Amino acid sequence: MRSCRVAHEFRAGAALVAAIVGFGIGPRLCAMPTLPVRASPAPASAPRVQILGDGVDLHLGQDLVTLRLVRDNVLRVHFEPGGRTTPGPLVTAPDAPHDAAGVTVNRHGGFVTLASRAVLARINTRTLTLSVFDADHNRLLLRQPDLFALASRRLKLRFAEGAPLYGIHGFRALPPPDDKNRAQRTALTALEAAGLLRRGWQIAAAGSQGNAGAPFVWSTDGFGLLVDSKGAVFDLEQDHLTVSRSSRPDLDYDLITGTPTQIFAALADLSGHPPLFPKWAMGFTNSQWGIDQQELLDIVRTYRARHIPIDNFTLDFDWKAWGEDDYGEFRWNGKKFPDGPSGKLAKMLAAEGIHLTGIMKPRIHVDTVEGRYASAHHLWVAGEKAHQDYFSRQLVRDIDFDKPAARRWFGALAIKYAFDKGIIGWWNDEADETGDDTQFLDMERALYGAQRAHTDVRVWSINRNFWLGAQRYAYGLWSGDISTGFARMAAQRAHMLSAVDVGEMQWGMDSGGFNGHPTPENYARWIEFGAFTPIFRVHGNHGEKRQPWRYGAIAETAAVHAIRLRYRLLPYIYAYAWHDHVAGIGLVRPLIFDWPRDPKVRNDTDAWMFGDWLLVSPVVKPDTKEKWIYLPAGGWTGYFTGKTYRGGQTVTVPVDRKTWLDIPLFIRAGAIIPTQPVMDYVGQNPAKTITVDIFPTHRRTTFDYYDDDGETYAYEHGAYFLQRLSTQRIGGSVRFDTAAPAGAYRPALEYYLVKVHGLAAGAVRGVALRLADPAAVQAHAGEGWATSLDRYGAVTCIKLVAGQQRSLRLSPADQRP
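Colleague: Give me the pattern of salt bridges: which residues, what numbers.
Modeller: Under the counting rule described, the total for this entry stands at 47 salt bridges. When the shortest N-O distance is used, the salt bridge between R248 and D228 registers 3.0 Å. Of this pair, R248 sits in the loop between β16 (240-244) and β17 (252-257) while D228 sits in the loop between β14 (223-227) and β15 (232-236), and the two are 20 residues apart along the sequence. One exposure class covers both R248 and D228, and it is buried. A salt bridge links R458 to D709; the shortest N-O distance between them is 3.7 Å. You can see R458 sitting in the loop between α8 (439-454) and β25 (461-463) and its partner D709 sitting in the loop between β40 (701-707) and β41 (721-730), a full 251 residues away along the chain. Residue classification places R458 among the buried residues on the basis of a relative accessible area of 1%.

Colleague: If you had to explain the environment of A386 to someone new, which residues and values would you point to?
Modeller: As for its position among the elements, A386 is in the loop between α6 (369-376) and β22 (387-388). Distance in space between the C-alpha atoms of A386 and I462 is 26 Å, their sequence separation being 76 residues. Discounting residues that sit within four places of it in the chain, A386 has contacts with V366, L395, V396 and R397.

Colleague: Now, about the packing of helix α11 (residues 553-568) against helix α12 (residues 570-583): what can you tell me, with residues and values included?
Modeller: Viewed as axis vectors pointing N to C, α11 and α12 meet at an angle of 60 degrees, and their least axial separation amounts to 5 Å. As far as their axial angle goes, α12 and α11 are oblique. Judged by residue contacts, R566, Y567 and R568 of α11 engage L570, P571 and I573 from α12. Looking at the contact of α11 with α12 residue by residue, the class counts come to four nonpolar, no polar and two charged.

Colleague: Could you give me a rundown of helix α9 (residues 486-500), with the residues and numbers involved?
Modeller: Taking 1.5 Å as the rise per residue, α9 with 15 residues should run 21 Å; its terminal C-alpha atoms sit 22 Å apart, in good agreement. Counting buried positions along α9 gives 14 out of 15 residues, so the element sits mostly inside the fold.

Colleague: A description of the sheet that holds strand β43 (residues 751-757) should follow, citing residues and the corresponding values.
Modeller: Spatially, five strands are ordered β38-β39-β43-β46-β45 in an open sheet, and the strand pairing comes out mixed. Each edge of the open sheet is held by one strand with a lone partner, namely β38 (672-675) and β45 (784-790). Going from strand to strand, the sheet's axes swing by 20 degrees on average, the running direction of each strand aside. Here four bridges tie β38 to strand β39 (residues 689-694), and the two strands are oriented antiparallel to one another.

Colleague: Explain unusual backbone geometry residue by residue, including any values.
Modeller: Of note, the phi angle at I168 is positive, near 75 degrees, even though the residue is not glycine. For R245, which is not glycine, the phi torsion reads 55 degrees and is therefore positive. Secondary-structure assignment places R245 in the loop between β16 and β17. Residue classification places R245 among the partly exposed positions, given a relative accessible area of 34%.

Colleague: An account of the packing of aromatic side chains is needed here, citing residue identities and associated values.
Modeller: Per the counting criterion, the structure on display carries 43 aromatic pairs. Aromatic pair W289 and F391: ring centres 6.0 Å apart, planes at 50 degrees, arrangement tilted. With a gap of 102 residues between them, W289 in the loop between β18 (284-288) and α4 (293-305) and F391 in the loop between β22 and β23 (395-398) connect regions that are remote in the sequence. Judged by its relative accessible area of 34%, F391 falls in the partly exposed class. One aromatic cluster in this structure is built from Y166, F216, W218, F264 and F593. Positioned above the aromatic ring of Y713 is the side chain of R452, whose terminal nitrogen or guanidinium carbon lies 3.4 Å from the ring centre. When the ring centre of Y639 is taken as origin, the NZ or CZ atom of R791, which lies over that ring, is 5.7 Å away.

Colleague: Outline the packing of α9 against helix α10 (residues 520-530), listing residues and values.
Modeller: Following both chains from N to C, one finds α9 and α10 inclined at 10 degrees, their axes separated by 10 Å at the closest point. Between α9 and α10, the interaxial angle falls into the category roughly parallel. Seen from above, α9 lies across α10 with right-handed handedness. On α10, the residues that touch F486, M489, Q492, R493 and M496 of α9 are E521, N522, R525, W526 and F529. Its residues assigned to classes, the contact of α9 with α10 shows five nonpolar, two polar and three charged.

Colleague: Which residues make up the sheet that holds strand β32 (residues 614-616), and what values do they have?
Modeller: Spatially, the six strands line up as an open sheet ordered β30-β31-β32-β37-β34-β35, and their pairing is antiparallel. Both edges of this open sheet fall to β30 (588-589) and β35 (644-646), since each of them pairs with a single strand only. Strand direction decides the pairing type here: strand β34 (residues 635-638) and β35, joined by three bridges, are antiparallel. Residue T637 lies in a different strand from β35, and its bridge partner there is T644.

Colleague: Can you tell me about the pairing of strand β8 (residues 129-133), naming the residues and giving the values?
Modeller: Consecutive residues of a regular strand have side chains that alternate between opposite faces of the sheet. With five of five residues buried, β8 is to be regarded as a mostly interior element. The alternating pattern of β8 places T129, S131 and F133 and L130 and V132 on opposite faces, both of which are buried. Summarising the sheet, strand β7 (residues 120-124) and β8 pair through five bridges and their orientation is antiparallel. When the sheet's bridge partners are listed, I123 is paired in β8 with L130. What sits between β7 and β8 in their antiparallel hairpin is a turn of four residues, with L128 showing a positive phi close to 60 degrees. Hairpin connection between β8 and strand β9 (residues 140-144): a loop of six residues separates the two successive antiparallel strands, and H137 in this loop has a positive phi of roughly 65 degrees.

The rules we used
Residues numbered from 1 in each chain as written. Predicted model: local features only at pLDDT ≥ 70, side-chain atom pairs only at ≥ 80, totals over all residues. Heavy atoms only, no water. Salt bridge = Lys/Arg side-chain N within 4 Å of Asp/Glu carboxyl O. Helix = DSSP H or I, 4+ residues; strand = E, 2+ residues; numbered from the N terminus. Buried < 20%, exposed > 50% of the residue type's maximum accessible area, 1.4 Å probe, protein only. Contact = heavy atoms within 4.5 Å. Axes fitted to C-alpha atoms, helices over the stretch in contact; angles between N-to-C directions. Parallel < 35°, antiparallel > 145°, perpendicular 65-115°, else oblique. Nonpolar A, V, L, I, M, F, W, Y, C, P; charged D, E, K, R; others polar. Expected span 1.5 Å × (residues − 1). Pairing = 2+ DSSP bridges. Phe/Tyr/Trp six-rings, centres within 6.5 Å; stacked < 30°, edge-to-face > 60°. Lys NZ or Arg CZ within 6 Å of the ring centre and 35° of its normal. Left-handed = near helix turned anticlockwise from the far one by under 90°.

Printed below as a string of structure tokens:
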């Protein structure tokens, strides 16, 4: 929601300048900590070196520098002035690793080395220079000239000239286009033009209106830096970087090495792994401002009558008794939703497969029983005066969620009045207006903690900014109050990918735009874009409707086609939710993650990987006849056309200007893609047979098929199903394997319907029964196989019992198995 209190956005002209030169937008510069600076001491004598089992301590006078390998590819450096430390902020997870296995520490003359299988760190004890090498221990990645220069509270690192740098911040939504916002829009547009690459002076801050931030910078050249600080300033040059204005006098930071996937796996270990969202959150969400119970029921019935899949309806201000006394911020508006307070409405919608989620605000009306409680217990943001709420026109103040007592109080009220009455997910809004990087994080932390203590039902939330560490609290990000139109839709690509680059894998947007009304073509293309984002939702300003049938028959057909494709891909999508949970990389990732050495993808926001095996490049311009798309190295196949492409080149793809049905979507060679029948909502019918399309290549490729109950945290205790599927082309034959499954959960799944593309087998070793055609295979009560042709060419279709360890060998017709 758009607040009238926009003064926080640009407290001074300096913030506008910051936007132009490349700062993350949103924080108040005056809020950045100003700490006393000590001059860097010139060592009067060599430091005292203390060798430990997992690292080394360097003592110089009263100051101390500790170096530890806390993970096989992470070196932690902590400067402790006077030997003193301060508590870390919320960036680092409480269970972050503290030591690595297989570390060797040696001293040879004036050098100390710390080594693991993934990194070598060498300290020159005379010059106090730190050098960090790669896994082979021969390529220099980073050099820190003088460790005791950290006394000046500045960190300087050198690296190879021209190394591309990413991370630190994302982008915020542009304000509506009017005269008073012209300068701000110009500055923000200039900032967006940088794309994913980062250079120059950058502020790490959570920001506002969809921004994302982290004190984290990384490079496809093989390194990353995470500073354990609440905010920081980075100065990024061609061959070095400097970090200043840390929130802590004792600089504490991690040097990370490896590929992008290895760097982000380490980042997840350090900052915390996200819990799984409920499975329904993989589906489609309709959000609306300006609605009552009758309209809500009519909309849901229309979705069901038209068989347009949907799982979640998110309610705006309308659901609350906002402005009323007696906990109106937390409870149902009984006038608009007569069956809300009793929980009957939620049960009615649950019968239709719909979950209800609702907006939450960080502020409380002052002249209410809850406001007086907050005053009596000092729960307000310090120094903030009461101000008029733009919706109720009454005085409100913001709760300070940094206070544990405030979190407990707020969370308990949300559970009592909202969750227990049917609001089972949280749309947190406007906690980005205090200028505090962790206000939003702590707001969702309050709700997450309260819900986890109350029930085993999984937490879901979306929030309007992100600070690294928030992902630990089931924290999604949406991109703020964006305007409609193709230009702002196109800009969302960089917003999403830059959020991923700072560790927020759960991202979504107001598809269709919040401010304004999209054209039918804009709406259709936006839904197609949204179908390939982690959080798939629509929303608009007050009175705007974003249901597909409101934009004409052509737009509805295109939008429904995209929504149904999303639901067909749910097994594929859910597997990457698990992968995000365990490995720190989710469903969407920039092309640099898989092709870090390809200069053509260094700043590519036009396409991205959707999982390991699909590359998507949505149409983002009106009346487009054709689109030029760069395909990285490897083989590619058009998902809808079956046309094959050689990678490492830009291809031209025709675009349908009349039906808007086409989505530029490509299958990567080696792909393993599980799909299921389209349903009106997640779990409508048991998925007893999962189709698995495979496109084998001469290197072995894998896919980890994952499932669980989709609703609870039982997976944390081993109640999940995980089976690795693998394939490889060997000469003219193809091998397909299913590993022994892990986990105690047993899904409804009975069979895989495996489609091996590119081969009409003459024999399948491991499945004896040959049937007439794929339809007969699918209808057969047990295992069997057949060959045929489809849009991809020759195909062998095999029905195989799931959940067992199996190995199949497919041989061509002219070759004996």
